[in-house]
Amino acid sequence: MNLNENKYNKLSDLELSINLWLKLNKKRKYQLSIYLILMLLNSLAEVISIACVIPFLSVLSDPENIFKLSLVNSLSTKLGIYSPEDLRLPITLIFSSVVVISGLIKLLNLWISLRIAASIGSDLSSKVFKKIIYKPYLEYSNSSDYISILNTEIENIIYGVIIPQLQLVSSLIISISLVITLLIINFEGSMFAALITLAFYYFSIISSKNILRKNSKRQVLLGQKTIKTIQETLGLIREIILNEKYLFFIKNFDSANYKLNLLLARSSFLKTFPRILIEPFGIAVISIFGSIYISKNGFLDVLPLIGALILGIQRIIPSVQKIYEGIARTKGTRTSLTLVLDLLDKPINKEKYISKEIQDSVNNKLFKSFESLKLKNVCFRYNLDSEL
């Protein structure tokens, strides 16, 4: 199976992804539309949980000022609350409920995304297997290539394209919602942090994309080589035992397996390193802005604002990291994706190569008993266009 002759090599990562999603059946597309609604609900829950931080911390730090607000005072009176200190318990319960509900929605979002991804992966495996077994005999190449596609490349697509891209879309919606919320709370600090974060992740993608693409191709080749080595070893196991040729095959396997695991480790590092660097930077930014605002306005006045910014950034960084990982994993799984898409485009050949007369004879059991079998003037032609 020649990777260089694949027509999908010329397409961008976005075009490859679109081709994959377009190949889904109607049932999966309907499930994805329902999942999109859950994504929007998840982002709304995140925004509400961030927005609740300011009143929650304000009541905890200075309930008297909050109680003086006419709206709060009238609502408190209707609920039978006549003291500022009595506001703390209901506000705490409301905030806790919002956070718990937000977490449950996020958990449901994750569960459904994994279920949909597993179903899509199962559909792809079934389609690929069907394409393989219907291939004409003369078109079959190394069986290790097909085993690699069914066993490894499909799995790479599930965990390297489908799940990361579902999480990418969900995280993108959440990130946009949270950034807008934080800009409303504090425009200057939020804008500065957002621009620095975007710039950092942009340069991370630019610096790692070529390495991830090369690793993707080498990973597929080494995976096929490993499977081929295993097949050849097991096929020659009797000769290996009789001639004591263990070291030769062990060396071949160890060489391919070590290189493959080393590539996986490098790719994994490139997909995760930005978060490790950006988190301490985020803490530093919050510390600087917190010190500046406290010196100007006082600790109690700034505490709710700092709390909201800390929680917002703490929620945004994982979301932006998932967006980055979605892009990076797609690049790292590019070769697997091109192989599977190319195979899915192959036509299914259901032409029968056994004549109807022979099939009828076998079905009617005309060959049930006979004394001898003679072959005279026998010839074979694979199809009508080929030579005898």
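Structure shown above.
Because the structure is a prediction, the values reported are computed rather than measured.

### Points about the overall build of the protein
Next, step 1: Within the protein one finds 13 helices and zero strands.
Next, step 2: Taken from N to C terminus, the helices and strands of the protein fall in the order α-α-α-α-α-α-α-α-α-α-α-α-α.
Next, step 3: Intrachain contacts of the protein at a sequence separation of at least 6 include 84% that bridge at least 24 residues.
Next, step 4: Summed over its atoms, the accessible surface of the protein is roughly 23,800 Å², and 64% of this surface lies on carbon and sulfur atoms.

### Details of unusual backbone geometry
Next, step 1: Even without being glycine, Glu-244 reaches a positive phi, approximately 55°.
Next, step 2: Within the secondary structure layout, Glu-244 lies in the loop between helix H9 (237-243) and helix H10 (246-297).
Next, step 3: Relative accessible area serves as the criterion here: at 61%, Glu-244 is assigned to the exposed category.

### With respect to the environment of Ser-319
Next, step 1: Among the secondary structure elements, Ser-319 is positioned in helix H11 (residues 299-332).
Next, step 2: Spatially, the C-alpha atoms of Ser-319 and Ser-171 are 4.7 Å apart, while their sequence positions differ by 148 residues.
Next, step 3: Every residue in contact with Ser-319, bar those within four places of it in the chain, is listed here: Ser-171, Ile-174 and Ser-175.

### Some words on the nonpolar core
Next, step 1: One finds Leu-20, Leu-124, Val-128, Ile-157, Ile-162 and Leu-166 to be the most contacted residues of the largest nonpolar core, which totals 32 residues.
Next, step 2: Of all the elements in the fold, those that place two or more residues in this core are helix H1 (13-22), helix H2 (26-51), helix H6 (88-133), helix H7 (143-185) and helix H12 (334-344).
Next, step 3: With 10 residues, H7 is the single largest residue contributor to this core.
Next, step 4: Ignoring anything within four residues of it in the chain, the contact list for Ile-162 reads Leu-20, Trp-21, Ala-117, Ile-120, Gly-121, Leu-124 and Ile-157.
Next, step 5: Of all hydrophobic cores here, the second largest spans 27 residues; its members include Tyr-201, Leu-270, Ile-313 and Ile-317.

### Describing the side chain of Gln-165
Next, step 1: Here Gln-165 lies in helix H7.
Next, step 2: One polar contact links Gln-165 to Trp-21, side chain to side chain, over a distance of 2.7 Å.
Next, step 3: The residues contacting Gln-165, other than those within four sequence positions of it, are Ser-17, Trp-21 and Thr-330.

Calculation rules
- Residues numbered from 1 in each chain as written.
- Predicted model: local features only at pLDDT ≥ 70, side-chain atom pairs only at ≥ 80, totals over all residues.
- Heavy atoms only, no water.
- Helix = DSSP H or I, 4+ residues; strand = E, 2+ residues; numbered from the N terminus.
- Contact = heavy atoms within 4.5 Å.
- Areas by Shrake-Rupley, 256 points an atom, 1.4 Å probe, with all protein chains shown as cover.
- Buried < 20%, exposed > 50% of the residue type's maximum accessible area, 1.4 Å probe, protein only.
- Core = buried A, V, L, I, M, F, W, Y, C linked by side-chain atoms within 4.5 Å.
- Polar contact = N/O pair within 3.5 Å; in protein donor to acceptor, adjacent residues only side chain to side chain.

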